[in-house]
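# Overview (structure and organization)
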Amino acid sequence: MSAITVSERRIVTSSPAETRTLATRLADVARPGDILSLIGDLGAGKTVFAKGFGAGLGVPGTITSPSFILMAEYEGRLPLFHLDLYRLADAAEAVTSGLLDEREAEGVTLIEWADRLGSALPDGRLDLLIDGTGDDPRTITLRTTDPRYRPYLDAVG
């Protein structure tokens, strides 16, 4: 039985603009089928990150939080599937509503409030744990157990 290796990097951003820049840089290494889970308190900058990531994928227009519709799809270099699970009660609701399906293998899936999926969250993913709110700097920890996501860690140095 082999041990699971956790790889992670931490970066501090001192403004929404820096968070967007980080996300834009990470989008450069995105590949079809990637899943990024965004975890942090209300106001941590999950949607700011999503906007920067979308810009890095070449998504035209404005990316907004899909809190009320649960998922928004955008066209860019890769399709972007942006989910916001804030209003969901539990993982079963996300699965039964069809939010996670095979179409997402064609693009990149960003999941805000991904921790609400619990055990239904796919194992192969990159977690972005965003710590900080308000005007405070953000500590963003990129964490994965899947070597497929190593390019994201390398992209932040």
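Below is a summary of the structure that appears in this document.

The rules behind each value
Residues numbered from 1 in each chain as written. Predicted model: local features only at pLDDT ≥ 70, side-chain atom pairs only at ≥ 80, totals over all residues. Heavy atoms only, no water. Helix = DSSP H or I, 4+ residues; strand = E, 2+ residues; numbered from the N terminus. Buried < 20%, exposed > 50% of the residue type's maximum accessible area, 1.4 Å probe, protein only. Axes fitted to C-alpha atoms, helices over the stretch in contact; angles between N-to-C directions. Parallel < 35°, antiparallel > 145°, perpendicular 65-115°, else oblique. Left-handed = near helix turned anticlockwise from the far one by under 90°. Contact = heavy atoms within 4.5 Å. Nonpolar A, V, L, I, M, F, W, Y, C, P; charged D, E, K, R; others polar. Pairing = 2+ DSSP bridges. Phe/Tyr/Trp six-rings, centres within 6.5 Å; stacked < 30°, edge-to-face > 60°. Lys NZ or Arg CZ within 6 Å of the ring centre and 35° of its normal.

Next up on the list: the overall build of the chain. Summing up its helical and strand segments, the chain has four helices and seven strands in all. Along the chain, helices and strands appear, N-terminal first, in the series β-α-β-α-β-β-α-β-β-β-α. Residues counted as buried form 46% of the 157 residues belonging to the chain.

Next up on the list: the packing of helix H1 (residues 16-27) against helix H2 (residues 46-56). Packing of H1 against H2 leaves a shortest axis separation of 7 Å and a crossing angle of 40 degrees. Judged by the inter-axis angle, H1 sits oblique to H2. Once H1 is placed against H2, the crossing between them reads as right-handed. The segment H1 lies against H2, with Pro16, Thr19, Arg20, Ala23, Thr24, Leu26 and Ala27 engaging Val48, Phe49, Lys51, Gly52, Phe53, Ala55 and Gly56. Residue composition of the contact of H1 with H2, by class: eight nonpolar, four polar and two charged.

Glancing now at the sheet that holds strand E1 (residues 7-13). The mixed open sheet is built from seven strands, whose spatial order is E1-E7-E6-E2-E5-E4-E3. With partners counted over all chains shown, the strands left at the sheet margins are E1 and strand E3 (71-74), one partner each. Between one strand axis and the next, the sheet turns through 15 degrees on average, direction left out of account. The sheet contact formed by strand E4 (residues 80-84) and strand E5 (residues 108-112) spans five bridges and is parallel. Counterpart to His82 in the pairing with E5 is Leu110. Here H1 sits on the sheet in contact with E1, strand E6 (126-131) and strand E7 (138-144), set at roughly 145 degrees to E1.

Each pair of aromatic rings is reported with the distance of its centres and the angle of its planes. The final tally for this structure, using the stated rule, is two aromatic pairs. The interplanar angle of 25 degrees and the centroid separation of 6.0 Å between the aromatic rings of Phe49 and Phe53 together place this pair among those described as stacked. In this pair, Phe49 and Phe53 both sit in helix H2, four residues apart, roughly one turn of the helix. The pair Phe49 / Phe53 is uniform in exposure class, with both members buried. In this arrangement the basic side chain of Lys46 is found over the ring face of Trp113, its NZ or CZ atom lying 4.1 Å from the centre. Across the ring face of Tyr149, the terminal group of Arg148 is positioned such that the distance to the ring centre comes to 5.8 Å.

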